[in-house]
Amino acid sequence: HSNFEQAIGHIKKAITGAPERPTFHFNLGVTYGAIGELAYAAEAYQMASQLKPDWLEAYVNLGTVLGRLQNYAAASNALKMALALDPNNGEALIGLTAVLEGQGHSAEAEEIGRRAVSISLKSPEAWTNLGNALNSQGKLPGKLKGAEEAFRHALAIDPDYVTALYNLGNVLNDQWRKSQALR
């Protein structure tokens, strides 16, 4: 981490000299994110987006970091700001799918997830997030099968995508238990 810590020191010094430069704050967020200091990364991205309110990537990164911190309401707001700037931004749609799912809004997550996969067809994360949204609605007809298909799509793109592998296993188990319960 010593290189990152040095980088943080230099960037902070630059910010002291020119606090109005959004790029400095953004790069500080990237650097904090690289070492897992997500709360500090969120603060830096927040400042970058305040200084440059039309900066799509600042909102996407802010929303992503806040989602990882499980601050879902703030993450949702940041990602919706990104989508207001670019309604077809795949990263923002992928992130918002996960955030909505984290908030328990599975039907809305499914809707956003379907948009995400239509834009980011080759993203295993997009397909996995859609699968998660469908899986959460598993008691509804066809949702578990849809989740299975989404996870299989993710694995067709990246056969080693561990989140999709794990979630597919759970969905197949749930489908088997459901079929046994019907007997």
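Reading the values: the criteria
- Residues numbered from 1 in each chain as written.
- Predicted model: local features only at pLDDT ≥ 70, side-chain atom pairs only at ≥ 80, totals over all residues.
- Heavy atoms only, no water.
- Helix = DSSP H or I, 4+ residues; strand = E, 2+ residues; numbered from the N terminus.
- Buried < 20%, exposed > 50% of the residue type's maximum accessible area, 1.4 Å probe, protein only.
- Contact = heavy atoms within 4.5 Å.
- Areas by Shrake-Rupley, 256 points an atom, 1.4 Å probe, with all protein chains shown as cover.
- 1 Å grid on protein atoms, 1.4 Å probe; cavity = no way out; pocket = protein on both sides within 12 Å on 5 of 7 lines; lining within 4 Å.
- Points joined across faces, edges and corners; volume = space filled by probe spheres on them.
- Nonpolar A, V, L, I, M, F, W, Y, C, P; charged D, E, K, R; others polar.
- Axes fitted to C-alpha atoms, helices over the stretch in contact; angles between N-to-C directions.
- Parallel < 35°, antiparallel > 145°, perpendicular 65-115°, else oblique.
- Left-handed = near helix turned anticlockwise from the far one by under 90°.
- Polar contact = N/O pair within 3.5 Å; in protein donor to acceptor, adjacent residues only side chain to side chain.

Student: When you look at the overall build of the chain in this model, what are you seeing that I'm missing?
Tutor: The helix and strand tally for the chain stands at ten helices and zero strands. A principal-axis box enclosing the C-alpha atoms of the chain has dimensions of 70 × 35 × 25 Å. The buried share of the chain, reckoned over its 183 residues, is 44%. Taking contacts inside the chain between residues at least 6 apart in sequence as the whole, the part at least 24 apart equals 45%. Total accessible area on the chain stands at roughly 9900 Å², and carbon and sulfur atoms take up 54% of it.

Student: How do you make sense of the layout of surface pockets when you look at a structure like this?
Tutor: Any space left empty among the atoms is revealed by the rolling of a water-sized probe across them. The computed volume of the largest pocket comes to approximately 360 Å³. Taken together, 18 residues make up the lining of the largest pocket; nearest its centre are Arg-68, Gly-95, Ala-98, Glu-125 and Asn-129. Of all the secondary structure elements, the ones that give two or more residues to the lining of the largest pocket are helix H4 (56-68), helix H5 (72-85), helix H6 (90-102) and helix H8 (124-136). Tallying contributions element by element places H6 first for the lining of the largest pocket, with five residues. Among the residues forming the lining of the largest pocket, the class breakdown is six nonpolar, nine polar and three charged.

Student: Hey, could you run me through the packing of H5 against H6 in this one?
Tutor: If you want to describe how two helices pack, look at the angle between their axes and the distance between the axes. Contact pair H5 / H6: the axes reach a minimum separation of 9 Å and the direction vectors enclose 155°. With respect to their mutual orientation, H5 and H6 come out roughly antiparallel. H5 and H6 meet at a crossing whose hand is left-handed. Two secondary-structure elements touch here, H5 through Tyr-72, Ala-75, Ser-76, Leu-79, Lys-80, Ala-82 and Leu-83 and H6 through Ala-92, Leu-93, Gly-95, Leu-96, Val-99 and Gly-102.

Student: How should the side chain of Thr-128 be read in this particular structure?
Tutor: In this fold, Thr-128 is placed in helix H8. Here the side chain of Thr-128 touches Pro-124 through a polar contact of 2.8 Å, landing on its backbone oxygen. Leave out the neighbours within four places in its chain, and Thr-128 touches Phe-151, Ala-154, Tyr-161, Thr-163, Ala-164 and Asn-167.

Student: Would you take a moment to explain the environment of Asn-167 for this structure?
Tutor: Counting through the fold element by element, Asn-167 comes out in helix H10 (residues 162-181). Note: C-alpha distance between Asn-167 and Asn-135 (32 residues apart in sequence) is 8.8 Å. For Asn-167, the residues in contact, after removing those within four places along its chain, are Thr-128, Asn-132 and Phe-151. In this structure the side chain of Asn-167 is engaged in a polar contact, spanning 2.7 Å, whose partner is the side chain of Asn-132.

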